[in-house]
Each structure stands twice: as structure tokens, then as C-alpha cells.
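# Architecture and fold: a report
Spelled out, the chains give:
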Amino acid sequence: MRYAIFLLLIHQTFGILAQQTSQDTLYTAKELAPVTVLSSRIPQKENQLPVSVSTIGKARLQIGQTKLSLFEALNTVPGVFAMNSENFAQDLRISIRGFGARAAFGIRGLKIVLDGVPESTPDGTAKLGNIDVGLIERIEVLKGATSGIYGNASGGVIALQTESMPNKPYAEISSTFGSYGLKRYQVKFGSSWGEWSVLGSVSRLESVGYRQKSALERNLLNLKIGFRPSDKTQLSLLTSYINSPNAEDPGGITLEEVNKDRTQARKANVDYNTTESFNQLRNALVFDQKLGEKSAINARVFLINRDFNTNQAFEASGQIAFQRVFWGGGFAYQFSTKGYKLRTGLDLENQADNRQRYDNKLGTRTTLRLDQEESFDNTGAYILQEFAPSKALRLVLNTRYDLIKIGVTDKFLSDGNQSAQKTFQRFSPMVGISYSLAPRNTLYGNFTSNFETPSLNELTNNPIGQGGFNPDLNPQKSQNYELGYKAWLGNKTRVDISVFQVNIQGEIVPYQLPNQVGRTFYRNAGESVRKGVEVGLSCQIVAALTTFLNYTYSDFEYKSYQTLAGEFAGNRLPGIPKNQVYAELRYFPKSGLFAVAQFRSVSSMYANDANTVSVDGYQTLNLRAGWQKHLKGMTIEPFVGVNNLFDASYFANIQINATANRYYEPAAGRTIYAGIKLGI
């Protein structure tokens, strides 16, 4: 009740403010209008695409935000569920329609793309901690129809775009301070000179964390250089460097430990000094060339080097180190004419990990236990087609063929040679149809066949305790059926509704063993079915005042799944709430006072496949406000915010199928932050 009363007061206050603002606003109805989506690879207005897609603009990502992570932004999207926002050693755990929920760390089952270049490795893993939120201009979330476009993924695509090149010299400096030692600093700069343009950013993030053993230190450098000799030719160089010398992991604890002290770390995590450190250098070259009015080509090459070390909370093989080289490229040809669009191309992605495991003697690296070279090569060829036999009707036919080769070369031979090879081949079709009942008022449906291989980490976490691959772990397959409705009612209201069912065979699920507590292994379940409804409503109430309301219903259950622990058929998939509600009220004029209220409600969920451990739902309310003013070529923006205003007790993360009842990673209570941004 208190949340409803508070939101009503906020609504009335914003309404009074909105009556005093001009029609020329920073956040206008234009942002509610259909935008051109690029993540579908054939650029298309989102109201004409026969798939569910959501976009998030720069205003919702950067203004008055901590820019700590993409947690708050992605939770605004129907069908997306984000956890693990406070454990930077494990990174955000993002799931779309349940895909990705199994990840012990980072992101699984989703394709992450940054400026058209894959951030996800070919084995299907990604970490959003590599990305500087303060440089992101737009996010596109494409749900469901993934493998037919990008290959090895089941749940969807998160495509991020960094800021556009500035037309004139520009510089910006910002700093943010908050609870639990939060400090963030950023400097951005850019300019254009004739055919050349440049955009750069340097940022630093520090935090001691809410829980013991959860400190973070991270430095990020980004540079974009553009060369545009003509309107038809563009060449872009993208470079980033991430230095993360320390990200601590407090681990999961029991409910009894939570009730005693929510801030404590698991004792073993303290004893074994669970930390993560890495350095990553990313370089990419992207070339775009128009060939007349109807054709264009795109080519890209990239190289990513990552040096990674982590301590885990046990002794035997408890320290992991790997040196990764991830490289590849792609070529695409696009043709467009009246009533027909074509894009065809080839993607090459190659991942090589030189991995070692050592004993962890209370935080000290000792005996070498594993030394092997792992490779994951993916060659994908695709044909994407769109037919428009009439102005109202569109038909999309996509197909992709992927050839995947996985190998491990064992260099630690004292326990035998566990070298192995695996090869997978897969055709992934996608069929979609959309029909416009009226301009910007569309019904659509699609069918997609997706696949997802185990990652190298999942394959090499072998429960028999040796190197090589887990021989019993295989890819999962899924078929996605979706019906949806998109409508823009006038210039101020947008409605999105989608209903879907996903049938999955061989679902990959995590589990732990009593004699190897803290280490996660993976196995294939039998079959599962996911049924869901996603509803989104956006409305500009008056000038500068906009409201967003989202609802997600997730009915995900196993159809057949039996282990030595029992039969789980009919049980709900763990780690996913059945109901989610998100509401947001924004007051964003062109200048002056701005304010945002965000309400989130998450229902209960299960922590294990047996459904014997239920985790309570929760509600949170976040507020932020600031002042933006333009003064003789300078912009000043002080801001302040409070998250979890009513100090709700909930869990930032749930460790699925954990042993010893250590499922819980408590979230912080009420936190505050403040900052300032200056731009010229």
C-alpha cells in the first residue's frame, strides 16, 4: 500500500511540474515512435519486424544514473530478468525467456553484440562488465529469434551501440559517489575534422561493496576513429582496454547465515581469498560500402586478447588461469528493392583458451593440476530474406548453417591424456510474418529453431575430476513459437504484447556435488516447456512526463527430467520468477529539473530443480532527480538518487542447485548516490 500511495504522490507532483514545462523536451514522444532496428541484420522499422524487440535510448541509460552496470536498464524490458548486480566477480546474470538463468557467472544463451562486433565468444559466453555503460547510446533487445541470424544462442540478442561521432569538438567530465564506497569517474572527448572523426572515453570504477569480500576496482579505455571519404564509404576502428585488478566474490550463504548477518561473506571465500582479475584488449575494424542505391557490403575483422585469473573457495584445482585469443571476421552483402530485401554473409569466429588449474592453498597458488589448450571454432553462413507482397504484409525467411569444431589438447599427462574433439552441425530456420492492420498497428507471428552448445567452461568442468571434456554433456535444442501485437496509438502511446511457447530438448542445467562444494557442473535435462506472456505499455501523459508499465508472466516447467536425486517432471525451472511487474514515471524536460521513479515487483522463485527451496518475492522503489542546464556552450548536470527506498530485504542472486543450502547472495538495502556531469 505504501508503494501505491508514494507513486500516486510522485505522479501528482510530476503532473504539476509538467504543466509548467515547454513542449520542447529532452524526452519527447519521438522516442516512443518506431525506430529502425539494426540487430535483425536487415535494418527495418521495429513495427514491421515479425519478432519481439525492445529498444532503450541514451536518456534512459545515462541521465542521472550511476552507470555502475546495465542492471537497471535491462530490467525495464519485458521478458528480461536480471540478477547478480552486486557480485562483480561473477558479473550480471541476464536471462531472456529463461535462457541464461542457468549461468553460474556472466551471460549464457544470449548473443551480445557491441557496435556490430560480437562481445560473446563463439562458445556462447559473455560478460557485460567489459562494457562502459557511460558510453552506450542505445540498446536493442531481440527476443527469441536468434540462431537463424547469429547462430549459437537460444534466447535472444542484446545489441549495444556506443555514442555517435560528434560533429564538433566536445568534452565531458563526470563523477559519482555513493554508498559502500562507490566512486566512478569518467572523461569523454571527441571531434571531427573533415573526413576524420574521433570519440574517446576513460573511466574508473571503485566500490568496497555491501557484503564483506565484495570490493571492486576497474578501469576502462575506449577509442573510436572514423574515416568517411564519401557518403558511400565508411571505415571505423574500435579499440577498448579493460583493466580489472580486483573483483572479490563473497559467495553464497545459508538462510541461517543470512538471518544472522546479511553482510557476511562465506567463510571459505574469505579463507581462500576468492577474487577475479583480468585484462582485456579489444580491436575491431569495420568497413561499410554502398554499391549504388540498392546494394551494400559490410566487412569486419576483430581480435580480442584476455588474460584472466581467479581464486575459488576450495583447495583442489581452486585457482584458474587462462589466456584467451578470440578472433574472427565477417562479410555480408545486402540488396534492397521494392518488395524484397536480402542479406547474405559469412561469420568466422575462433576462440583459443590456454587454461591452467592450480591448487589454492588459502589464497596461494601451489601445485599445477590441469594444463590444456581449448579451442572453439564456429563457421556460419546465412541467408536472410524479407518479402513484402503488399504494403501491409511482410514475410521473413531466414536460414543459417553452423559448423562448430571444439577441441582440447591435454598438456598435463601425469593422469593420462584427456585430449578430445567434438564437431556439431546445425541448420537454424526462422519464418516470420507481420500484417499491418493500420499504419503502425501490427500483428505478427514467428517460428524459430534454435540451438545452444555447452560452453568451454561447462564442458571442461568435468565431474570425474580430470581434464578433457565432460563426455555426457551435449547441445540443447529448442523450437520457439510466438504471436504478438504492436501498436502506436497516436504519437503518445505504445503497446507491445507477445505470447510464446518454447519447447526444449536436452536443456543444460547446473548442479553441484557434495564433495566439491563451490564448483558448478552441468548436465542435460530431458525436456522442458516454457510458456509466457509479455506486455509493455508506454505513454506520454503530458509534455515531458512519460510512464512505462511492463508485465511478464513465465510458466516454465520440466516435462521430463530424472536424476539419481529423483524425478523432476512437472517442476518449475529454478531461478525464474513467475510474475514480474515494472513501472516507471519520468519527468524529463529539455533543461531544468528532471526526476524518475522506478518500481519493480518480482514474485517468488525456486532455487533448485526439486522445487524444495522457495525464495520469497520482493518489491523495490528507486528514485533519482537532477538538474540540467545549458549555459553559454556548457552543460551542467548535478544529480542524486536513492535505490531501494523502503529498505526491502531480498537477494541479489540465487545460486541454482547449490549444495549445503548456500543458495543466497543478499542484496544491499537502501543506498544513495550523487554526482555531477560537466560538458562543453
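Here, every reference points to the structure presented above.
The structure presented is a predicted model; accordingly, all values stated were derived computationally and were not measured.

### What about the pairing of strand β14 (residues 196-207)?
Looking down a regular strand, the side chains alternate between one sheet face and the other. Where strand β13 (residues 182-193) meets β14, 11 bridges bridge the pair, whose relative direction is antiparallel. Bridged to Gly190 within β14 is Leu199. Between β13 and β14, which pair antiparallel and follow one another directly, the connecting turn spans two residues, one of which, Gly194, has a positive phi of 60°. Relative to strand β15 (residues 216-230), β14 is paired through 12 bridges, and the arrangement is antiparallel. Across the sheet, the residue bridging to Val198 is Ile225, located in β15.

### Comments concerning a nonpolar patch on the surface
Taken together, the side chains of Ile173, Val187, Phe189, Val202, Leu221, Leu223, Tyr241, Leu281, Ile676 and Leu678 present a nonpolar region at the surface, about 770 Å² in accessible area. Taken together, the elements giving at least two residues each to the nonpolar patch come down to β13, β15 and β41 (671-679). Here Ile676 lies in strand β41. We classify Ile676 as partly exposed; its relative accessible area is 34%.

### Brief notes about the nonpolar core
Counting residues in hydrophobic clusters, the biggest one holds 56 residues, and the most contacted among them are Leu70, Leu74, Ile94, Leu128, Ile139, Ile158 and Leu160. Membership of the second largest hydrophobic core comes to 17 residues, among which are Val37, Ala145, Leu384 and Met430.

### A short note on the sheet that holds strand β10 (residues 136-143)
Within a beta sheet, neighbouring strands are joined by backbone hydrogen bonds and run either parallel or antiparallel to one another. Taken together, the five strands give an open sheet; going across it, the order is β3-β10-β11-β7-β8, and neighbouring strands pair in mixed fashion. Only two strands of the sheet have a single partner each, and these edge strands are β3 (52-56) and β8 (117-118). For β10 and strand β11 (residues 156-162), the ladder comprises seven bridges, and the chain directions are antiparallel. Bridge pairing in β11 links Lys143 to Gly156.

### Thoughts on the environment of Glu140
With respect to the helices, strands and loops of the structure, Glu140 is situated in strand β10. Along the backbone, Glu140 and Arg184 are 44 residues apart, and their C-alpha atoms lie at a distance of 25 Å. Once residues lying within four places of it in the same chain are set aside, the contact partners of Glu140 are Thr36, Val37, Leu38, Ser39, Ser54, Thr55, Val157, Ile158, Ala159 and Gln161. A polar side-chain atom of Glu140 sits 2.8 Å from a polar atom in the side chain of Ser39.

### So, the pattern of salt bridges
Should their charged atoms come close, side chains of opposite charge can pair. Summed over the entire model, instances satisfying the criterion amount to 37 salt bridges. Close ionic contact of Arg300 with Asp347 constitutes a salt bridge, the shortest N to O distance being 3.1 Å. Taken together, the positions of Arg300 in strand β18 (residues 295-311) and Asp347 in strand β20 (residues 340-361) put the pair 47 residues apart, joining distant regions of the chain. By the burial criterion, Arg300 is buried, and Asp347 matches it. With a closest N to O distance of 2.7 Å, Asp496 and Arg494 form a salt bridge. For the pair Asp496 and Arg494, a shared accessibility class is recorded, and that class is buried. Through salt bridges with shared partners, a single ionic network connects Arg41, Arg300, Asp347, Arg400 and Asp402.

### With respect to empty space enclosed by the protein
Throughout the structure, instances matching the rule amount to 17 cavities of 30 Å³ or more. By volume, the second largest cavity amounts to about 860 Å³. If you trace the second largest cavity, you find 48 residues lining it, with Leu68, Ser85, Glu86, Asn643 and Thr671 closest to the centre. Residue classes in the lining of the second largest cavity are distributed as 21 nonpolar, 20 polar and seven charged.

### Quick word on the environment of Gly675
Mapping Gly675 onto the fold places it in strand β41. Gly675 sits in the buried class, given a relative accessible area of 15%. Sequence separation of Gly675 and Lys183 is 492 residues, and the distance between their C-alpha atoms is 9.5 Å. Dropping the residues within four chain positions of it, Gly675 is found in contact with Ser175, Thr176, Glu637, Pro638 and Phe639.

### Structural notes on the layout of surface pockets
Size it by volume and the second largest pocket reaches roughly 850 Å³. Counting only elements with at least two residues in the lining of the second largest pocket, the list comes to α2 (58-62), β12 (170-178), β37 (618-631), β38 (634-643) and β41. Looking at the lining of the second largest pocket residue by residue, the classes come out as 12 nonpolar, nine polar and 10 charged.

### Points about the pairing of strand β19 (residues 319-337)
One ladder, built from 17 bridges, connects β18 with β19; its direction is antiparallel. Among the inter-strand pairings, Asn298 is bridged to a residue of β19, identified as Ala332. Relative to β20, β19 runs antiparallel, the two sharing 19 bridges. Following the sheet pairing, Gln323 is matched in β20 by Asn354. In this structure, the hairpin formed by β19 and β20 is closed by a connection of two residues, where Gly339 is found at a positive phi of approximately 85°.

Each value, and the rule that gives it
Residues numbered from 1 in each chain as written. Predicted model: local features only at pLDDT ≥ 70, side-chain atom pairs only at ≥ 80, totals over all residues. Heavy atoms only, no water. Pairing = 2+ DSSP bridges. Helix = DSSP H or I, 4+ residues; strand = E, 2+ residues; numbered from the N terminus. Patch = residues over 30% accessible without salt bridge, like charges linked within 9 Å, V, L, I, M, F, W, Y side chains within 5 Å. Areas by Shrake-Rupley, 256 points an atom, 1.4 Å probe, with all protein chains shown as cover. Salt bridge = Lys/Arg side-chain N within 4 Å of Asp/Glu carboxyl O. Buried < 20%, exposed > 50% of the residue type's maximum accessible area, 1.4 Å probe, protein only. Core = buried A, V, L, I, M, F, W, Y, C linked by side-chain atoms within 4.5 Å. Contact = heavy atoms within 4.5 Å. Polar contact = N/O pair within 3.5 Å; in protein donor to acceptor, adjacent residues only side chain to side chain. 1 Å grid on protein atoms, 1.4 Å probe; cavity = no way out; pocket = protein on both sides within 12 Å on 5 of 7 lines; lining within 4 Å. Points joined across faces, edges and corners; volume = space filled by probe spheres on them. Nonpolar A, V, L, I, M, F, W, Y, C, P; charged D, E, K, R; others polar.

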